[in-house]
Amino acid sequence: MTTAISYMSGKLRVIQGDITALEVDAIVNAANHSLMGGGGVDGAIHRAAGAELKAACQALRQKQWPDGLPDGEVALTPGFNLPARYVIHAVGPVYAKTIDKSDLLASCYHKSLMLVEQQGLNTIAFPAISTGVYGYPFEQACEIVLSVMAEKLPHSKLTATLCFFGQQDMEAFRNVASRLGYQRDRS
Ligand code: AR6
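I will try to describe carefully the structure that is included in this document.

Analysis parameters
- Residues numbered from 1 in each chain as written.
- Predicted model: local features only at pLDDT ≥ 70, side-chain atom pairs only at ≥ 80, totals over all residues.
- Heavy atoms only, no water.
- Axes fitted to C-alpha atoms, helices over the stretch in contact; angles between N-to-C directions.
- Helix = DSSP H or I, 4+ residues; strand = E, 2+ residues; numbered from the N terminus.
- Left-handed = near helix turned anticlockwise from the far one by under 90°.
- Contact = heavy atoms within 4.5 Å.
- Near = heavy atom within 4 Å.
- Polar contact = N/O pair within 3.5 Å; in protein donor to acceptor, adjacent residues only side chain to side chain.
- Phe/Tyr/Trp six-rings, centres within 6.5 Å; stacked < 30°, edge-to-face > 60°.
- Buried < 20%, exposed > 50% of the residue type's maximum accessible area, 1.4 Å probe, protein only.

1. Some words on the packing of helix H3 (residues 102-118) against helix H4 (residues 138-152)
Each pair of packed helices can be described by the angle between their axes along with the distance between the axes.
Phase 1: It is the contact of H3 with H4, at a shortest axis distance of 9 Å, that shows an interaxial angle of 35°. For the pair H3 and H4, the crossing hand works out as right-handed. Along the contact surface, H3 presents Ser102, Leu105, Ala106, Tyr109, His110, Leu113, Met114 and Glu117, while H4 presents Ala141, Ile144, Val145, Val148, Met149, Glu151 and Lys152.

2. Side note on the site of the ligand
Phase 1: Contacts to the ligand come from 22 residues, most closely from Asn32, Gly39, Asp42, Ser130 and Gly132.
Phase 2: Note that an oxygen atom of the ligand is positioned 3.2 Å from one of the side-chain N or O atoms of Thr131.
Phase 3: Only strand E3 (26-31) and helix H1 (40-49) provide two or more residues apiece to the shell around the ligand.
Phase 4: In terms of residue count, the dominant contributor to the shell around the ligand is H1 (four residues).

3. Description of the packing of aromatic side chains
Phase 1: Following the criterion strictly, the structure yields five aromatic pairs and no others.
Phase 2: Between Tyr7 and Phe173 the ring centres are 5.8 Å apart and the planes differ by 80°, which places this aromatic pair in the edge-to-face class. In this pair, Tyr7 is assigned in strand E1 (residues 5-7) and Phe173 in helix H5 (residues 167-179), connecting sequence segments 166 residues apart. Comparing Tyr7 with Phe173, the two get one shared label, buried.
Phase 3: Arranged with centres 5.1 Å apart and planes meeting at 70°, the rings of Tyr95 and Tyr136 form a pair that is edge-to-face. Here the residue Tyr95 occupies a position in the loop between strand E5 (86-91) and H3, and Tyr136 occupies one in the loop between strand E6 (123-126) and H4, the gap between them amounting to 41 residues.
Phase 4: Feature note: the residues Tyr7, Phe138, Phe164 and Phe173 constitute an aromatic cluster, connected by ring pairs.

Written out as structure tokens, the structure is:
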């Protein structure tokens, strides 16, 4: 885990590491429609949370989302064996060159922030949703994330963490933020 860098007067923290290790109120999972787990960060979260997480996701499917969780939608479960109290399962869009799905990716971030606020929570951490198996170009995804955070965080008591798995992703994020004029906080 690297030292965090911060933006937006400390409301947005950016780190490199494993999201399953974070002691925050809620971590966001880059899930799929089925909510039954998968590879990437989804697999890591299910492994670390334990079998109860899958059972909670099955219950969500039965009660609320019988046809699966749609793109851009989010759903809450406990974190079970994770240090995080809750997991927010968000389904990012599969990238397609010819269809603009930026609203669906923004929706994952926006709805996750709304959900933690509704729950009265203060801290939330996100992985880079859709930028792995789902193929969303990393820099485009960073632009979307920054715009949601800049719109939402200044008016909220939340602190959000972006948790990038690789050092290269962390560097790429810093470059995008700098290109778009987001200043790092002075430490
Ligand atoms: N902590 C933080 N970030 C991680 C971790 C981790 N432990 N593991 C991977 N990442 P992906 P998607 C990063 O593929 O593109 C799954 O099978 C990874 O480096 O996990 O939204 C689901 O079930 C990348 O930057 O999610 C879905 O079917 C980011 O997490 C599908 O993949 C997202 O990569 C979702 O694809």
